[in-house]
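Spelled out from the first residue to the last, the chains are:
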Amino acid sequence: ERIALLVVILGLLVWFIPLSKAGGDFKIYMEAAAKLAMSQDPYAPPFANGLGYSYGLIFAAILVPFVQFPEVTAYLWLVLQVACLARSWGVMEKWLTKSSPDSKRIARLALILSMIWVSRFLVYNFRMVQVTPFLLWVTLEAWYQANNERGRWAYGALAFGMATKILPILLLPGWIAKA
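Rules behind the numbers
Residues numbered from 1 in each chain as written. Predicted model: local features only at pLDDT ≥ 70, side-chain atom pairs only at ≥ 80, totals over all residues. Heavy atoms only, no water. pLDDT = per-residue confidence, 0-100. Helix = DSSP H or I, 4+ residues; strand = E, 2+ residues; numbered from the N terminus. Expected span 1.5 Å × (residues − 1). Buried < 20%, exposed > 50% of the residue type's maximum accessible area, 1.4 Å probe, protein only. Contact = heavy atoms within 4.5 Å. Core = buried A, V, L, I, M, F, W, Y, C linked by side-chain atoms within 4.5 Å. Axes fitted to C-alpha atoms, helices over the stretch in contact; angles between N-to-C directions. Left-handed = near helix turned anticlockwise from the far one by under 90°.

**Q** Which residues make up the confidence of the model for the protein, and what values do they have?
**A** In the predicted model, the protein carries a mean pLDDT of 82, and 94% of its residues have values of at least 70. Within the protein, helix 2 (residues 26-37) carries the highest mean pLDDT (91), whereas helix 8 (residues 172-178) carries the lowest (71).

**Q** Hey, could you go over helix 2 for me, with residue numbers and the actual values?
**A** Between its terminal C-alpha atoms helix 2 stretches 16 Å, which fits the 16 Å expected from twelve residues at 1.5 Å a residue. Listed as buried for helix 2 are Phe 26, Ile 28, Tyr 29, Met 30, Ala 32, Ala 33 and Lys 35. Each element contacted by the buried residues of helix 2 is listed here: helix 3 (57-63) and helix 4 (70-97). Remark: Ser 39 follows helix 2 within two positions and exhibits a positive phi of approximately 60°.

**Q** Lay out the nonpolar core in plain terms, naming residues and giving numbers.
**A** Among the nonpolar cores identified, the biggest contains 28 residues, and Phe 26, Tyr 29, Tyr 53, Phe 59 and Phe 126 are the most heavily contacted of them. Listed by contribution, the elements that provide at least two residues to this core are helix 1 (2-22), helix 2, helix 3, helix 4, helix 5 (104-127) and helix 6 (132-147). Each residue touching Tyr 29, except ones within four places of it in the same chain, is listed here: Tyr 53, Tyr 55, Phe 59, Leu 63, Val 129, Gln 130 and Val 131.

**Q** Tell me about the packing of helix 4 against helix 6, and name the residues and values.
**A** Helix-helix packing is described using two parameters, namely the angle between the two axes and the distance between the axes. Packing of helix 4 against helix 6 leaves a shortest axis separation of 8 Å and a crossing angle of 35°. In this structure, helix 4 meets helix 6 at a crossing whose hand is left-handed. Along its contact with helix 4, which presents Trp 77, Gln 81, Cys 84, Leu 85, Arg 87, Ser 88, Val 91, Met 92, Lys 94 and Trp 95, the element helix 6 presents Pro 133, Phe 134, Leu 136, Trp 137, Leu 140, Glu 141, Trp 143, Tyr 144, Gln 145 and Asn 147.

**Q** Any details on the side chain of Gln 145? Residues and values, ideally.
**A** Topologically, Gln 145 is positioned in helix 6. For Gln 145, the contacting residues outside a window of four places in its chain are Arg 87, Arg 150, Gly 151, Trp 153 and Ala 154.

Shown next as structure tokens:
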């Protein structure tokens with residue numbers, strides 16, 4: 001099992017090399033960071049790939065130190081996405097096996113089938129060097145930490161995700177209803 005996982009990870013690392021050079025949506029993120037570094041408005045044209053930057057300023061500010069190395073940064077971002085997916089897998093596995101230790105095999109099967117089902121979307125996200133796997137992790141991590149009475153970690157994860165893209169705000173109604 002570990003050898004198969006290692007082969008998959010090594011395959012992804014090799015596949016990420018041409019993807020990081022193409023840039024995808026990451027060009028947009030890096031262009032916004034470059035504009036911010038030059039005290040320009042990241043939301044104003046001209047835009048990379050003809051698309052405007054629609055994320056938070058904090059995300060662009062985090063990327064400012066890396067504007068000189070866009071391809072390396074895109075590659076590292078893709079590697080981080082795999083780490084986010086691995087942690088998301090772990091969080092989901094903990095949830096699915098929480099009720100009974102006997103359910104571990106069923107949980108693994110459910111996760112594997114889920115990954116197969118979403119693989120088409122993951123491939124697209126990797127090709128476009130997007131933030132979706134990161135947002136999935138942030139959302140699951142926030143919910144997991146909140147359910148384990150670690151509010152500071154939960155709110156921190158949620159805030160970090162919202163600094164990137166507003167989508168994780170959708171967790172708030174659930175937390176308010178639970179309280």
